[in-house]
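Reading the structure
Listed here are the chains, written in short residue letters.
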Amino acid sequence: MMSDRQLVPLVVLIDTAAGCWHAATFDASGNPVPLLRSDDGNLDPYLGQPFDEQVSFLRHRIAGVLQRGCDRLFARQMKACHFVLIADGDFPEADESVTPRLAEHFVQWMMNPPVVYLRAPQGFKVQDAGDLEVIAGDFPAEIASIVQAGLSPLVALQNDAECWERIAAPQR
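Scanning the entire structure with this criterion turns up one aromatic pair. Between Tyr46 and Phe91 the ring centres are 5.7 Å apart and the planes differ by 75°, which places this aromatic pair in the edge-to-face class. Here the residue Tyr46 occupies a position in the loop between strand E3 (32–38) and helix H1 (51–75), and Phe91 occupies one in the loop between strand E4 (78–87) and helix H2 (98–109), the gap between them amounting to 45 residues. Across the pair, Phe91 and Tyr46 agree in class, each one buried.

Take the sheet that holds strand E2 (residues 20–26) next. One open sheet holds the seven strands; their spatial order is E6-E5-E4-E1-E2-E3-E7, and the pairing between them is mixed. For this open sheet the edge positions go to strand E6 (133–137) and strand E7 (165–167), each flanked by a neighbour on one side alone. Recorded for the sheet is a direction-independent mean angle of 25° between the axes of neighbouring strands. Along the sheet face, H1 touches strand E1 (6–15), E2, E3, E4 and E7 and points at about 145° away from the line of E4.

End to end, helix H3 (residues 141–156) covers 23 Å across 16 residues, agreeing with the expected 22 Å (1.5 Å per residue, within 8%). The principal kink in H3, of about 45°, is found at Gly150, preceding the proline Pro153 by one to four residues. Burial in H3 covers these residues: Ile143, Ala144, Val147, Gly150, Leu151, Leu154 and Val155.

All right, on to the pattern of salt bridges then. For side chains of opposite charge, pairing can occur when their charged atoms come near one another. Enumeration according to the criterion identifies six salt bridges in this entry. With a shortest N-O distance of 3.8 Å, Asp39 and Arg37 are connected by a salt bridge. Measuring nitrogen to oxygen at the nearest pair gives 2.8 Å for the salt bridge that ties Glu165 to Arg72. Taken together, the residues span a long stretch of sequence, with Glu165 in strand E7 and Arg72 in helix H1 at a distance of 93 residues.

We now examine the nonpolar core. Counting residues in each nonpolar core, the largest one holds 34 residues, and the members touching the most others are Val12, Ile14, Trp21, Leu58, Leu85, Phe91 and Tyr117. Only E1, E2, E3, H1, E4, H2, strand E5 (115–119) and E6 provide two or more residues apiece to this core. No other element matches the seven residues that H1 contributes to this core. Here Ile14 is in contact with Cys20, Leu43, Ile62, Ile86, Ala87, Asp88, Phe91, Tyr117 and Phe124, once residues within four sequence places are set aside. One finds Leu13, Ala120, Val147 and Val155 within the second-largest nonpolar core, a separate group that totals 20 residues.

Rules of the game
Residues numbered from 1 in each chain as written. Predicted model: local features only at pLDDT ≥ 70, side-chain atom pairs only at ≥ 80, totals over all residues. Heavy atoms only, no water. Phe/Tyr/Trp six-rings, centres within 6.5 Å; stacked < 30°, edge-to-face > 60°. Helix = DSSP H or I, 4+ residues; strand = E, 2+ residues; numbered from the N terminus. Buried < 20%, exposed > 50% of the residue type's maximum accessible area, 1.4 Å probe, protein only. Pairing = 2+ DSSP bridges. Axes fitted to C-alpha atoms, helices over the stretch in contact; angles between N-to-C directions. Contact = heavy atoms within 4.5 Å. Expected span 1.5 Å × (residues − 1). Bend = angle between axes of the 7 residues up to and from the residue. Salt bridge = Lys/Arg side-chain N within 4 Å of Asp/Glu carboxyl O. Core = buried A, V, L, I, M, F, W, Y, C linked by side-chain atoms within 4.5 Å.

Function cannot be inferred from these measures alone, as they are strictly geometric.
The structure is reproduced here in structure tokens:
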């Protein structure tokens, strides 16, 4: 059975300094479509935990973001064709291996749709595709061009609380 849903990338911006995330996509014209956001500190429960618990917490929290993002896409007659996780650096006060371990986990365990985990400069200030470092996964040219074109307008919307559905942090 063919789906008539528009295939789009589901993009999650991970603001490591603020410990928050924003999930969005882009419409057929390349305009950002904000979906969900967390409050600052949403990712902070990993702080002070041993390595394995840091990775486990971040893996579960981000997997929940992807699930909710897919739910919001479905309601808009869209379907994720690629998961694009973009962190603006490594996680503060975490072992340096947390980021690559987390990235590899998503690439290995979430194959459909495929995942790419990218590192962007602090604040997501991206001028060209070279500013996005692939940590793990495949970043096909068609997805890269959509993300590259829409990232700056998407980042500009991060502080506009009115255009995002706010998700409260689940209790851990």
